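Summary of the model geometry
Spelled out, the chains give:
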Amino acid sequence: MKIVKALILVFILGATTTVMAQNKDRIPEVESLLDKMTIDEKIGQLNLLTPGGGVATGSVVSENVEAKIKAGNVGGLFGVASPKKMKIAQDLAVKKSRLQIPLLFGSDIIHGYKTTFPIPLGLAASWDMDLIKSTAQIAAKEATADGINWNFSPMVDISRDPRWGRISEGAGEDAYLGSAIARAMVTGYQGDNLMDTNTMLSCVKHFALYGAVEGGRDYNSVDMSRVKMFNQYLPPYKAAIDAGAASVMTSFNDVDGIPATGNKWLLTDLLRDCWGFEGFVVSDYTSLNEMIAHGLGDLQAVSALALKAGLDMDMVGEGFLSTLKKSLEEGKVTETEINNACRRVLEAKYKLGLFDDPYRYIDDSRPEKDILTEENREVARKAAQHSFVLLKNENNVLPLKKASSIALVGPLADSRNNMLGTWAPTGDVKNAITILEGFKNVAPNATINYAKGSNILNDEELAKKINVFGPRVEISKESPEALLKEALAMANKSDVVVAVVGEATEMSGEAASRTDITIPEAQKKLIRALVATGKPVVLVLMSGRPLEIPEEFDMPVSILQVWHPGVEAGNAIADVVYGDYNPSGKLTATWPRSVGQIPVYHSMKNTGRPAPASEEFQKFKSNYLDEKNSPLLPFGYGLSYTTFEYSNIKLNKEKISQGDAVEVSVTLKNTGNYDGEETVQLYLHDVVRSITPPNRQLKGFKKVFLKKGESKTVMITLQPEDLKFYNSNIEFVAEPGAFEVFVGGDSDASLKASFILQ
Ligand code: BGC
């Protein structure tokens, strides 16, 4: 209740609110250290540097890092390539700086450290929270074995825009699923005890609303109503905070006209005062300095703005380091504000046990036994299998028989550089299994006729832009015609064609937005020609985003969506193609028919002029002249080698009171010829309420395994808070009236029941 009231106050008063900072317990060791520190030393703790070496994502790289550490001008480092180098840096901090304060070591371990798991959008498609949590635990174990104690993950930005390259890094379009995944990841990284050397600080990012950049263009502006942000975009960040995330990273975009990095409403009023966050907030890479370009003033002005807003640590830009003392002298910031920020950074170090032993994460005996072990690779293989989504299975061609002869073609079939996916800077492409290798491992007796068939794309200028992290798109010296000819020869002498096509790794990810999200034309030509041979064709489709594939979907082909599967890519794909694992992934972001439909997502509203259910065009209705409203593939969609039948939906009550839960049960039957897993999904429609409701919203799911022929009763409980939403006063309420419940295997589920909230 207190929180709701504070929230209302914040909402009404906006940025002028002065809700008192919480009086939490102070840590005596941190307080006595603070007492000893000079202003310069305090400001030094707010400075996060990267010694470089990789590709800097901002415009600034850190210089004179050693001298700055010795002078007590650095609170932490990230992107340090090895534990040996971390040891040298920590030595400088604890042996050469006056107060011997240890450094934090951060990194981006987005989907695994050396054992690279599928990209997060793929992991999300598993709908398996235990599995996702175990990938985070392994990431933490491996990273801490190499000295890292702070992870810039999870990325929980909701996105409904597949043009945005970073949709690959998150859980997709839905706040309910996104919240569950945020919890799984934070608890996976942090464990129960941060003092445990297998765990690390998590950093939930990018706070906030980064996934809603206009036009899907990276770093662009965001403008969103409060009801939309509270209901649809903020829940995963809050879930991560509630799960105990130790730090938060701000986003590059503005929120209500103020860049997140300098936004007091966001960083203090909401995050700390309403949500009770007690950790520290770090900027994104030079996002503090970027407020100059946003038009908010010079470096001194934006640094003061950020500190006062609640930013504690400045990533790379050194705006705090170079201007805060002057601002203090000129009365533009207060010592209390600097103390508060410094305290939060020191508290994080204390929680990790760094004051007891600054070298506790640097242990020479660990890397060999903890990193990239067979056991970890097994989890990577399993995670990849579970992330694949079967989009189409023409004539039940899949699974293939291990004895058949296969033409394995396509520019991604033997492309080690494209297996790990975007944002895998700690992974090593050399460790990745290609599809060609995986097929040979899993079906050693099969005849595999390999040919590249085409380039990923033929545009050299575009290839250059994609190849910043290494050769992802390699344009062959052979002509496109020669490549195609070779592939067709392979197809003609094989029983079946498996074509591995789609996006190169760096065609999604940061600063990789696309306005055209189709399969590149070079590969489309290959696909058309393969289909024309009349052989059965299976497309193994790789991408970091939902693609626009109506043309391919209409062809007589089977399609297995595999995202970028990580270090075990080839083995996992072969496992699924040959039926050693029956695919169970479900889409977590809607696939549009055309880019012009974007945004298109499952929780859209009815409008006052809904289009007819038949999707026939009607003048003066909410529809397009040239396209249907419905997407090509709805949220939650995914096939299996078996089939599932839903029946017998029941609720334990038809009328409930405020605070009551509702138990929903259905009978699920495996009606096909294989054992398999199905993700049962529950969608809720609040029929009448004070602000316009979405037609349906995900409010529950359960992944169930059924042997062939088996039936099970599946129960999902709707908790009282599942009926709630933020109304126009930003009160979190459930309003009396009718609710409809839909249960099924995707967001078009038709099995329906209703109840009344009195
Ligand atoms: C990204 C962050 C990342 C940071 C540090 C930025 O460009 O937006 O997600 O954590 O770089 O590598």
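So, how was this worked out
- Residues numbered from 1 in each chain as written.
- Predicted model: local features only at pLDDT ≥ 70, side-chain atom pairs only at ≥ 80, totals over all residues.
- Heavy atoms only, no water.
- Helix = DSSP H or I, 4+ residues; strand = E, 2+ residues; numbered from the N terminus.
- Buried < 20%, exposed > 50% of the residue type's maximum accessible area, 1.4 Å probe, protein only.
- Polar contact = N/O pair within 3.5 Å; in protein donor to acceptor, adjacent residues only side chain to side chain.
- Contact = heavy atoms within 4.5 Å.
- Pairing = 2+ DSSP bridges.
- Axes fitted to C-alpha atoms, helices over the stretch in contact; angles between N-to-C directions.
- Salt bridge = Lys/Arg side-chain N within 4 Å of Asp/Glu carboxyl O.
- Expected span 1.5 Å × (residues − 1).
- Phe/Tyr/Trp six-rings, centres within 6.5 Å; stacked < 30°, edge-to-face > 60°.
- Lys NZ or Arg CZ within 6 Å of the ring centre and 35° of its normal.
- UniProt positions renumbered as here; feature names shortened; annotations may be inferred.
- Parallel < 35°, antiparallel > 145°, perpendicular 65-115°, else oblique.
- Nonpolar A, V, L, I, M, F, W, Y, C, P; charged D, E, K, R; others polar.

1. Some points on unusual backbone geometry
- Each neighbour pair has its own omega, and for Phe 207 with Ala 208 the value is 5 degrees, a cis peptide bond.
- Examined against the element boundaries, Ala 208 turns out to sit in the loop between β5 (201-207) and α9 (226-233).
- Ile 598 connects to Pro 599 through a cis peptide bond whose omega is 0 degrees.
- Position of Pro 599 among the secondary structure elements: in the loop between α23 (569-577) and β17 (644-651).
- If you check the backbone angles, Ile 730 has positive phi at about 55 degrees while not being a glycine.
- Looking at where Ile 730 falls in the secondary structure, it is placed in the loop between β23 (725-726) and β24 (732-733).
- Relative accessible area serves as the criterion here: at 0%, Ile 730 is assigned to the buried category.

2. Details of the side chain of Thr 590
- Position of Thr 590 relative to the elements: it lies in the loop between α23 and β17.
- One polar contact links Thr 590 to Glu 173, side chain to side chain, over a distance of 2.8 Å.
- Not counting chain neighbours up to four residues away, the residues in contact with Thr 590 comprise Glu 173, Pro 546, Val 600, Tyr 601, His 602, Pro 631, Leu 633 and Phe 635.

3. Description of the sheet that holds strand β11 (residues 389-392)
- With mixed pairing, the six strands of this open sheet are ordered in space as β11-β16-β15-β14-β12-β13. For this open sheet the edge positions go to β11 and β13 (447-451), each flanked by a neighbour on one side alone. Strand-to-strand twist in this sheet, taken as the mean axis angle between neighbours without regard to direction, amounts to 20 degrees.
- In this structure, strand β12 (residues 405-409) lies alongside strand β14 (residues 496-502), joined through four bridges in parallel fashion. Looking across to β14, one finds that Leu 408 is bridged to Val 498.
- Together, β12, β14, β15 (537-542) and β16 (557-561) form the strand contacts of helix α21 (residues 521-532), whose direction differs from that of β14 by roughly 165 degrees.

4. Here we look at the pattern of salt bridges
- What the rule picks out here adds up to 37 salt bridges.
- Measuring nitrogen to oxygen at the nearest pair gives 3.3 Å for the salt bridge that ties Lys 752 to Glu 740. One end of the pair, Lys 752, is in strand β26 (residues 751-757); the other, Glu 740, is in strand β25 (residues 737-744), and twelve residues separate them in sequence.
- Overlapping salt bridges bring together Glu 521, Lys 524, Arg 528, Glu 551 and Glu 552 as one network.

5. Quick word on the pairing of strand β21 (residues 697-706)
- Burial analysis of β21 places seven of its ten residues in the buried class, the great majority of the element.
- Note that strand β20 (residues 676-686) and β21 share nine bridges and pair antiparallel. Following the sheet pairing, Thr 679 is matched in β21 by Lys 703.

6. A closer look at helix α7 (residues 129-145)
- With 17 residues, α7 should cover 24 Å at 1.5 Å per step; its first-to-last C-alpha distance of 24 Å lies within 8% of that length.
- Within α7, twelve of the 17 residues are buried, which leaves the element mostly enclosed by the surrounding structure.
- The inward-facing, buried residues of α7 contact α6 (120-124), α8 (175-190), α16 (366-370), α17 (374-387) and β21.
- The N-terminus of α7 is capped by Asp 128, whose side-chain oxygen sits 3.2 Å from the backbone nitrogen of Asp 130.
- Once α7 finishes, Gly 147 follows within two positions and takes phi at roughly 95 degrees, a positive value.

7. Notes on the environment of Glu 214
- Inspection of the secondary structure puts Glu 214 in the loop between β5 and α9.
- For the pair Glu 214 and Asp 161, spaced 53 residues apart in the sequence, the C-alpha separation amounts to 9.1 Å.
- For Glu 214, the residues in contact, after removing those within four places along its chain, are Asn 220, Ser 221 and Asp 223.

8. Considerations on the packing of aromatic side chains
- Here the structure, examined in full by the defined rule, presents 19 aromatic pairs.
- The interplanar angle of 50 degrees and the centroid separation of 5.2 Å between the aromatic rings of Phe 230 and Tyr 726 together place this pair among those described as tilted. Linking Phe 230 in helix α9 with Tyr 726 in strand β23, this pair joins segments that are 496 residues apart in sequence.
- Overall, Tyr 726 belongs to the buried group, its relative accessible area being 12%.
- Lys 392 extends its terminal NZ or CZ atom over the ring of Phe 553, reaching a point 5.5 Å from the ring centre.
- Across from the ring centre of Phe 725, 4.0 Å away, lies the NZ or CZ of Arg 689, which sits over that ring.

9. Looking at the UniProt feature "domain: Fibronectin type III-like" (unreviewed entry) in the chain
- Under the local residue numbering, the UniProt record ascribes the feature "domain: Fibronectin type III-like" (unreviewed entry) to residues 678-747.
- Secondary structure content for residues 678-747 is 0% helix and 56% strand, and the end C-alpha separation is 14 Å.

10. Things to note about the packing of helix α13 (residues 299-309) against helix α14 (residues 319-329)
- At a closest axis distance of 9 Å, the pairing of α13 and α14 adopts a crossing angle of 85 degrees. When the axis of α13 is compared with that of α14, the two are roughly perpendicular. Counted together, Leu 299, Gln 300, Ser 303, Ala 304, Ala 306 and Leu 307 of α13 and Gly 319, Phe 320, Ser 322, Thr 323, Leu 324, Lys 326 and Ser 327 of α14 form the full contact between these two elements.
- In terms of residue class, the contact of α13 with α14 is made up of six nonpolar, six polar and one charged.

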